[in-house]
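What follows is each chain in one-letter form.
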Amino acid sequence: MIERRAPFDAVFRPDVEGLRALAVFAVVLFHYSNGKTAGFVGVDVFFVISGFLITGLIVRDIELNEFSFMNFYSRRARRIIPALLVMVLLTLAAGAVLLSPEALILLGQQATFSLVGASNIYFWGASGYFSPEAHTQPLLHTWSLGVEEQFYLLWPIALLFMSRTFGLRTGRALFAIFVLIAASFVSIFLLSADFSTFSFFMLPTRAWQLAMGGLLVFLPNLEGKGQSESIKLVGLLLLLAAIFLIEPNATYPGLSALLPAVGTALLIWPTERKTRIASFFGLAPLRYFGRISYSLYLWHWPPMVMYLTWNLSTSLTIPESIALFLFAWGAAHLSWRFVEEPFRRNRISDKRTLAASFVIVCVAASISWTFVMTGGAPNRLDIAGQELSAKMSHEMHEPKRAFCDFRALIEQNLECAPPSENEFHALLMGDSHANHLLRAIQDAFPAVKISTITRSGCRPVVQSAGKQQCVAMYNSFFDDVLPDHRFDAIILSARWRNGEHQNIGKTVDLLGTHTDRLIVLGQTVEYDHPLPELLMANYLPRRSSDVQAFMSKLPEIRDLDQQMARQLSNLPVEYYSMIEAVCPNDKCTVFSPSGIPLVWDYGHFNLSGARLIVERLKGKGFSLP
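First, a word on scope: everything that follows refers to the structure included in this document. The residue count restarts for each chain, going from 1 along the sequence in the order it is written. Only residues with pLDDT of at least 70 get local features here, since the model is predicted, and only at 80 or more are side-chain atom pairs given and counted; chain-wide, interface and lining totals rely on the full set of residues. To get the side-chain values, all heavy atoms of the structure are used, and hydrogens and water are removed first.

### Some thoughts on helix α6 (residues 143-165)
Moving on, step 1. For α6, with 23 residues, the first-to-last C-alpha span of 34 Å sits near the 33 Å given by 1.5 Å per residue.
Moving on, step 2. Here the bend at a residue is taken as the angle between two axes, fitted respectively to the seven residues that end there and the seven that start there. Helix and strand definitions follow DSSP, with helices as H or I runs of at least four residues and strands as E runs of at least two, each counted in order from the N terminus. The sharpest bend along α6 comes to roughly 30 degrees, located at tyrosine 152, with the proline proline 156 sitting one to four residues further on. To estimate how far a helix should extend, the number of its residues minus one is multiplied by 1.5 Å.

### Quick notes on the nonpolar core
Moving on, step 1. The biggest cluster of nonpolar side chains holds 95 residues, and the ones touching the most others in it are Leu19, Trp143 and Leu159.
Moving on, step 2. If near-sequence neighbours (up to four positions away) are discounted, leucine 159 is found in contact with Thr55, Ile58, Val59, Ile62, Leu168 and Phe218.
Moving on, step 3. Think of a nonpolar core as a cluster: buried Ala, Val, Leu, Ile, Met, Phe, Trp, Tyr and Cys residues, connected wherever their side-chain atoms sit within 4.5 Å. The cut-offs for exposure are 20% and 50% of the maximum accessible area for each residue type, with area from a 1.4 Å probe on protein chains only; residues under the lower value are buried, those over the upper are exposed, and the others partly exposed. Met392, Ile450, Met536 and Ile557 belong to the second-largest nonpolar core, a separate cluster that totals 51 residues. Residues count as neighbours in contact if any of their non-hydrogen atoms are within 4.5 Å of one another.

### Topic: the packing of aromatic side chains
Moving on, step 1. Any pair of Phe, Tyr and Trp rings, taking the six-membered ring for Trp, is counted once the centres come within 6.5 Å. Such a pair is stacked with planes under 30 degrees apart, edge-to-face with planes over 60 apart, and tilted for the rest. Evaluation of the coordinates by the stated rule reveals 39 aromatic pairs.
Moving on, step 2. Ring centres of phenylalanine 72 and tyrosine 73 lie 5.0 Å apart, and the angle between their planes is 75 degrees; this geometry places the pair in the edge-to-face category.
Moving on, step 3. For phenylalanine 72, a relative accessible area of 3% gives the class buried.
Moving on, step 4. Classification of tyrosine 73 as partly exposed rests on a relative accessible area of 22%.
Moving on, step 5. In this scheme, Lys NZ or Arg CZ marks a charge over a ring once it lies within 6 Å of the ring centre and within 35 degrees of the ring normal. The side chain of arginine 206 reaches across the aromatic face of phenylalanine 200, ending 4.7 Å from its centre.
Moving on, step 6. Over the aromatic face of phenylalanine 445 sits the side chain of lysine 618, whose NZ or CZ is 5.3 Å from the ring centroid.

### Here we look at a nonpolar patch on the surface
Moving on, step 1. Exposure above 30% relative accessible area and the absence of a salt bridge qualify a residue for a patch, where like charges join within 9 Å and nonpolar side chains (Val, Leu, Ile, Met, Phe, Trp, Tyr) within 5 Å. Surface accessibility follows the Shrake-Rupley procedure with a 1.4 Å probe radius. Residue values consider only the protein chains on display as shielding. Criterion for a salt bridge: a side-chain nitrogen of Lys or Arg within 4 Å of a carboxyl oxygen of Asp or Glu. Residues Leu89, Phe358, Val359, Val363 and Ile367 make up a contiguous nonpolar surface patch of roughly 450 Å² in combined accessible area.
Moving on, step 2. With 4 residues, helix α17 (residues 350-373) is the single largest residue contributor to the nonpolar patch.
Moving on, step 3. With respect to the helices, strands and loops of the structure, valine 363 is situated in helix α17.

### A look at the state of the cysteines
Moving on, step 1. Disulfides are defined as cysteine sulfur pairs within 2.5 Å. Considering all chains together, one arrives at 3 disulfides under this definition.
Moving on, step 2. Note that cysteine 404 is cross-linked by a disulfide to cysteine 416, the S-S spacing being 1.9 Å. Taking the torsion about the S-S bond as the criterion, the cysteine 404 to cysteine 416 disulfide, at about 80 degrees, is right-handed. Here cysteine 404, found in the loop between α18 (383-389) and α19 (406-412), pairs with cysteine 416, found in the loop between α19 and β1 (425-430); they are 12 residues apart in sequence, far enough to count as distant.
Moving on, step 3. When its relative accessible area of 26% is taken as the criterion, cysteine 416 is described as partly exposed.

### Some details on unusual backbone geometry
Moving on, step 1. Of note, the amide linkage connecting leucine 624 to proline 625 takes the cis form, showing an omega dihedral of -10 degrees.
Moving on, step 2. The residue proline 625 is located in the segment after α26 (607-619) in this model.
Moving on, step 3. Here the phi dihedral of asparagine 34 falls at roughly 60 degrees; this positive angle occurs in a residue that is not glycine.
Moving on, step 4. Looking at the element boundaries, asparagine 34 is found in the loop between α1 (14-32) and α2 (42-63).

### Quick look at the pairing of strand β2 (residues 449-454)
Moving on, step 1. In terms of burial, β2 is largely enclosed, as 5 of its 6 residues are buried.
Moving on, step 2. Assignment of crossover handedness uses the view with strands pointing away from the viewer, where a clockwise path from the first strand over the helix to the second indicates a right-handed crossover. Handedness of the β-α-β unit built from β1, helix α20 (residues 432-444) and β2 comes out right-handed.

### Observations regarding the sheet that holds strand β3 (residues 487-493)
Moving on, step 1. Two strands qualify as a pair provided DSSP detects at least 2 bridges between them. Read from one edge of the open sheet, 5 strands run β2-β1-β3-β4-β5, paired in parallel fashion. With one partner strand each, in any of the chains shown, β2 and β5 (574-576) form the two edges of the open sheet. Looking at each pair of strands side by side, their axes are set apart by 20 degrees on average, direction ignored.
Moving on, step 2. Examined bridge by bridge, β3 and strand β4 (residues 515-521) share 6 bridges and lie parallel to one another. Residue pairing in the sheet places phenylalanine 487 in a bridge with threonine 515 of β4.
Moving on, step 3. Axes here mean lines fitted to C-alpha atoms, for a helix over just the part in contact, with angles spanning 0 to 180 degrees between N-to-C directions. The sheet contacts of helix α24 (residues 554-568) involve β4 and β5, and relative to β5 the element is tilted by about 170 degrees.

### Looking at the side chain of aspartate 15
Moving on, step 1. Structurally, aspartate 15 is set in helix α1.
Moving on, step 2. Residue aspartate 15 is classed as buried on the basis of its relative accessible area of 10%.
Moving on, step 3. Here aspartate 15 is in contact with Leu267, Ala278, Phe281 and Gly282, once residues within four sequence places are set aside.

### Thoughts on the pairing of β4
Moving on, step 1. By the criterion of burial, β4 is predominantly enclosed, with 6 of the 7 residues buried.
Moving on, step 2. Bridging between β4 and β5 involves 3 bridges; their strand directions are parallel. Its bridge partner lying in β5, isoleucine 519 is registered against glutamate 574.

### Concerning the pattern of salt bridges
Moving on, step 1. Scanning the model with the defined rule gives 30 salt bridges in all.
Moving on, step 2. Of the charged contacts in the structure, one is a salt bridge between glutamate 340 and arginine 79, with a shortest N-O distance of 2.6 Å. In this pair, glutamate 340 is assigned in helix α16 (residues 318-344) and arginine 79 in helix α3 (residues 69-98), connecting sequence segments 261 residues apart.
Moving on, step 3. Of the residues examined, arginine 79 reaches a relative accessible area of 18% and is grouped as buried.
Moving on, step 4. One salt bridge in this structure joins glutamate 229 and lysine 225, with 3.2 Å as the shortest N-O distance. In this pair, glutamate 229 and lysine 225 are both assigned in helix α10 (residues 225-245), 4 residues apart and thus about one turn of the helix distant.
Moving on, step 5. According to the relative accessible area criterion, glutamate 229 is buried, its value standing at 13%.
Moving on, step 6. Salt bridges sharing partners connect three or more residues here, namely Arg495, Arg497, Glu526 and Glu556.

### Things to note about the packing of α1 against helix α13 (residues 284-291)
Any two packed helices are characterised by the angle at which their axes cross and by the distance between the axes.
Moving on, step 1. The N-to-C vectors of α1 and α13 enclose an angle of 70 degrees; their axes lie 7 Å apart at closest approach. Classified by the interaxial angle, the pair formed by α1 and α13 is roughly perpendicular. Viewed along their axes, α1 and α13 form a crossing whose handedness is left-handed. Mapping the contact onto sequence places Pro14, Glu17, Gly18, Arg20, Ala21 and Phe25 in α1 and Leu286, Arg287, Phe289, Gly290 and Arg291 in α13.
Moving on, step 2. The residue makeup of the contact of α1 with α13, split by class, is 5 nonpolar, 2 polar and 4 charged. Note on terminology: angles under 35 degrees are roughly parallel, angles over 145 are roughly antiparallel, angles of 65 to 115 are roughly perpendicular, and the others are oblique. For any pair of crossing helices, the crossing counts as left-handed if the nearer helix is rotated counterclockwise from the farther one by less than a right angle, and right-handed if it is rotated clockwise. Residues are grouped as follows: nonpolar covers Ala, Val, Leu, Ile, Met, Phe, Trp, Tyr, Cys and Pro; charged covers Asp, Glu, Lys and Arg; every other residue, Gly included, is treated as polar.

Laid out in structure tokens, this is it:
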């Protein structure tokens, strides 16, 4: 048997309250510094703290024979719903003023999922936390609330089961929690790179952090001042290392996730004597920000997204960051003072609290879903704005099936039939800037058998250095697949400004022995902000409506285009400038002949836009065969 403790809430932990301040400051710093730190691990800190505090309360009530699901969930509702509801409704109101109909549809979906505790599921299917589109998602930060609420749907049941089966203060209970932590953590590595978004957002790969906090409730207190001081110092160093050393990328969480989780666990592990670090986190200013940390977390993100939308930008200057923090601080204080505290202290019965919460959430979710059902409320705009808005949606390319998908051949061990002797066989290689041309090339040359090897973010060059999945795919193609194949033509297309175009000479030398014609398509035009949003700026509150003002990368792209043309001029390669195709006579085309924007984001062509560009390339001599 494990030694029994006093009731969990017998001693208030000011250091834990202060540690919440560090967690929320880390998250704010990450977002307001344009991702220059790994402050996103502040959410990991919140998970461990939450697991510790909530598990302690559940265990206390179970041991006192006072646990009630109705009481537990009514407390959760009073804690979470009021502040979340106010933030979501005000964000919807701001979105109704600032956002385009298409963006307002997405906000309506996000709001609905966040209100029902499932926004992590929504964002798993919609976007990655580190994706370029993240700064356009006003409620992206609510994903962590979804993880917590899903965990607490299951955790009390698990604790009750352990209590009634073999007791909570037993070695078997500790072993069961250890197994849960290990299984959840190991699941991160059992998922392939293609499931990295799932690993970040979803409960199975995050439960270990909440359970790790819960585990502390069952461990004996640390004894001895020297031991306690040393363990707390190690915990703080691990946490600071996580914030400032972890690379913000899509591979998180992984082994590096142990740094913030273990660091936080060591910091909040109860001790018999107060430590210096506990005294530091117990300072009044840190405790104040710890008390408002939930509201500050809620309010730090939506105003930033709305400001960036109005400003048509993707990053903040230092003065902008300071101003937004002051705004978020003020909003958080008001939320804590007039929303959080009154609702947490109300004396309404548990049954009435849950019933009222259910009704209010349903009403609010219905309001948010209205924006989805009405197509983003386009009637807010004048007639011209509505007509343009109707053409803003992303045209799905739906390419015809490639003759052979070499990526599938490599990664799924699929087979490809060889082409007939008289069939013209071309290979399209590249990243998403190759894939967005596929359907248009298929339509322009219907008699040609077009095979592909493409993947977003993967440049088609030898000695590729980038994402592991890119390196693996192209290394396998060049080393194992290419030697057994010959093509009538090979087309390379990529976002060359992301690097690696220096290796194109070596790539040409290798590919040239396996094809009769080698075609390279240059870097296309890119906008600083999605083109459809720039075009809608005439009809919505925006800093500027001048599209040309948001083409800051154009000089760099022109230089790259000329550099690649010179580099390939003495090689057996046909080079076609995409700049000249998009911007003939230095006048850049922004609409396709059907009136749809040429690109649907910063630089990927809509289908009608791709068809226009391929026709212009044909006018420059591009042809198959």
